[in-house]
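Notes for the structure review
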Amino acid sequence: MNRTTVSLLAGTAALAAVTGFATLSSPGAAGTARTAAELPVERTSLLCPSPSTSDIAETSYTSFTPVTKDAGSGGKAELQAAAEESDGKSKGKGKGKKAGKPVLEPQEPGKPATGDTSGGDAPALVGTAEGKFAPGWTVQETTEVAAGSGRGLQGVNCSAPDTEFWFPGVSTAADRTDYVHLTNPDDSAAVVDIELYGKDGALDSTLGEGITVAPHSSDPILLSTLTEEKQENLTVHVNVRSGRVGAAVQALDDKLGGDWLAASTDPSGSLVLPGIPKDATAVRLVAFAPGESDADLKVQLASPSGLITPAGNETLHVKAGMTASADLGDVTRGEAGSLVLTPTDTSVPVVAALRVVRGKGDNQETAFIPATRPVGTRATVADNSAKGTTLSLTAPTRGATVKVTASAGSGGGEAVSKTFTLKAGTTQNVEAPTPTGLKGTYALTVEPVSGGPVYGARTLAATEDGVPGFTIQTLPDDRGMVAVPEADEDLSVLQK
């Protein structure tokens, strides 16, 4: 996700707004730059897309903030409907006037808060967190759909607003109904371009240009209305001309269920796609090279015993500006696995995602795994249960030690932590801890202790009537801490 480069002064002002503190050395200051201090963010926002159009959908929301050292003592967090009335000019679910009662309102960090909705008219949600609730704030949206297109378990981590998103793995094929959900949290309209790229390059379409998303509204854009071409493997690029939005793709299949596809991490020469279920029956890799150079990628599976090259899929050639795909079959063969993509020669930035299928015949379900950032300082995933939760961790380059903490339960219980050691090039489905005396749902927080970068994903599974419903969420760094350089000149006046 791109962010416009700003001047040093403007960047420092933005940092002050987020952290409540920023300083800067004067140009003539003697000596080298000092070590940056890590401080908790003081305000953050998250956007949850409208969960389903099905009248039989049941959706739950789980909010969690890890207890963070040096975080403030005050503040609050809440999730509200993006708006409660429409202006009639937008395809979205409203503008301007915000709904009054929050869907959920957490009471304290360290303990999950839950809320739920039912039916097909649930709105998109806009959330804000301040003070002690802001660092590492995570919200999970989980929907159960018993029948119809997209039936099964659908889940997504509510995401921060941004200005650019990449979604490899979407489709306009006849058996797929894919929507890009755009949510605008601000008081002014956002203008968005949606571009589609297939196996031969950009698809002809003018309908995706200059889409206006009204203030405090959410627009679900049906991809098949933007082009007449029917292709199974596409990449969507969401570029925000003005303003900012939250974006996620809801992919609904007539036969294979459905799930949310979160945005891939920023284009990079090397990517990790963690947490492929060990019983996956079909795995498809979709990749796109947004630059002007072709990419040649080495494809490897990080298994419990080390890096393995899938037979017949040793490499993937991705032409510039085109979407490439590869069917990897049951690549994990009954073991935990993560896909690792590295350049065979020259590094060329790419984005990528996996479509994962479990089950056979009429009892199949689909989920997606986008390429993701490493856990970094800390990452959290909410809405875990005593049964049906799998935590997958991988250390693609060097061995690592990580601490995993299970929070208190939403209805009671005490937090528990365990430490795990990962060998280089391996993936483990770890036996994650569960809270002592658990009641309700809980959160899992992963913190690297030593070693190389760690990537993670969590799978929720709930089989119903023989259909293996499941959803997968990756665990990128929660961006709950921000680096603030020590300096001689105090610019905190910029807040005033």
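Residues numbered from 1 in each chain as written. Predicted model: local features only at pLDDT ≥ 70, side-chain atom pairs only at ≥ 80, totals over all residues. Heavy atoms only, no water.

1. So, the environment of glutamate 42
We count it as follows: The helix and strand labels rest on DSSP assignments: H or I over at least four residues marks a helix, E over at least two residues marks a strand, and numbering proceeds from the N terminus. Per-residue accessibility, obtained with a 1.4 Å probe over protein chains only, is compared with the maximum for each type, and a residue is labelled buried under 20%, exposed over 50%, and partly exposed between these values.
Relative to the helices and strands, glutamate 42 is located in the loop between β2 (36–40) and β3 (43–48). Exposure remark for glutamate 42: the relative accessible area of 41% places this residue in the partly exposed category. Residues glutamate 42 and glycine 75 lie 33 residues apart in sequence; the distance between their C-alpha atoms is 8.7 Å.

2. Examining the layout of surface pockets
Unoccupied space between atoms shows up once a probe the size of one water molecule is rolled over them. So the rule is basically this: Here a cavity denotes grid points, spaced 1 Å and computed from the protein atoms alone, that fit a 1.4 Å probe unable to get out, and a pocket denotes an open set having protein on both sides within 12 Å along at least 5 of 7 lines; residues with an atom within 4 Å of a point are the lining. Grid points are joined across faces, edges and corners, and a volume is the space filled by probe spheres set on the points. Note that Gly is not counted as nonpolar here; it falls among the polar residues with everything else outside the nonpolar set of Ala, Val, Leu, Ile, Met, Phe, Trp, Tyr, Cys and Pro and the charged set of Asp, Glu, Lys and Arg.
When its volume is computed, the second largest pocket comes out at roughly 320 Å³. In terms of lining, the second largest pocket is formed by 20 residues, of which the most central are Pro66, Val67, Thr68, Arg378 and Glu447. Looking at the lining of the second largest pocket, the elements with two or more residues in it are β30 (400–406) and β35 (442–451). Tallied by class, the residues present in the lining of the second largest pocket amount to seven nonpolar, six polar and seven charged.

3. Things to note about the confidence of the model for the protein
Low pLDDT means the predicted atomic positions in that stretch should not be read closely. Where we set the bar: Within a predicted model, pLDDT stands for the predictor's per-residue confidence, ranging from 0 to 100. Residues count as neighbours in contact if any of their non-hydrogen atoms are within 4.5 Å of one another.
Taken over all residues, the pLDDT of the protein has a mean of 87, while the share at 70 or more is 87%. Note on residues 1–34: pLDDT is under 50 here. Beyond four places in sequence and across chains, it has 61 contacts. Confidence over residues 491–496 falls short of pLDDT 50; this stretch has 10 contacts with residues more than four positions distant or in other chains.

4. Some details on the sheet that holds strand β15 (residues 217–222)
Across a sheet, paired strands are connected by hydrogen bonds in the backbone, their directions being either parallel or antiparallel. Rules: Criterion used throughout: strands pair if DSSP finds at least two bridges between them. Where helices are involved, their axes are fitted lines through C-alpha atoms of the stretch in contact, as for all axes, and angles between N-to-C directions lie from 0 to 180°.
One open sheet holds the four strands; their spatial order is β15-β11-β17-β18, and the pairing between them is antiparallel. In the strand order of this sheet, the two ends are held by β15 and β18 (257–261), each with one partner. Here the average twist between neighbouring strands, direction ignored, is 20°. Note that strand β11 (residues 176–184) and β15 share six bridges and pair antiparallel. Its bridge partner lying in β15, asparagine 184 is registered against serine 217.

5. Overview of the side chain of threonine 426
This is how the line gets drawn: Two N or O atoms count as a polar contact when they lie within 3.5 Å, although within protein this holds only if one can serve as hydrogen donor and the other as acceptor, and sequence-adjacent residues are included solely when both atoms are side-chain atoms.
Positionally, threonine 426 belongs in strand β33 (residues 426–430). Judged by relative accessible area, which is 3%, threonine 426 ranks as buried. A polar contact is formed between the side chain of threonine 426 and the backbone oxygen of lysine 423, at a distance of 2.6 Å. Not counting chain neighbours up to four residues away, the residues in contact with threonine 426 comprise Ala302, Ser303, Pro304, Ser305, Gly306, Leu393, Thr394 and Ala395.

6. Considerations on the nonpolar core
Formally: The definition of a nonpolar core used throughout is a set of buried Ala, Val, Leu, Ile, Met, Phe, Trp, Tyr and Cys residues joined through side-chain atoms within 4.5 Å.
In this structure, Leu285, Leu339, Leu341 and Leu354 are the most contacted members of the largest nonpolar core, which totals 31 residues. Here the element with the most residues in this core is strand β21 (residues 295–303); it accounts for four residues. Dropping the residues within four chain positions of it, leucine 354 is found in contact with Leu273, Ile276, Val283, Arg284, Leu285, Leu339, Ala367, Phe368 and Ile369. Within the second largest apolar cluster, 27 residues are counted, among which are Phe165, Leu203, Ile221 and Ala247.

7. What to know about the state of the cysteines
Put simply, the rule is: The criterion for a disulfide is a pair of cysteine sulfur atoms lying within 2.5 Å.
Across all of its chains, the model carries one disulfide by this definition. Disulfide partner of cysteine 48: cysteine 158, at an S-S distance of 2.0 Å. The sign of the 110° torsion about the S-S bond sets the cysteine 48-cysteine 158 disulfide as right-handed. Placement of the pair is cysteine 48 in strand β3 and cysteine 158 in the loop between β9 (152–157) and β10 (164–170), with a sequence separation of 110 residues. Here the two residues cysteine 48 and cysteine 158 agree in accessibility, since each one is buried.

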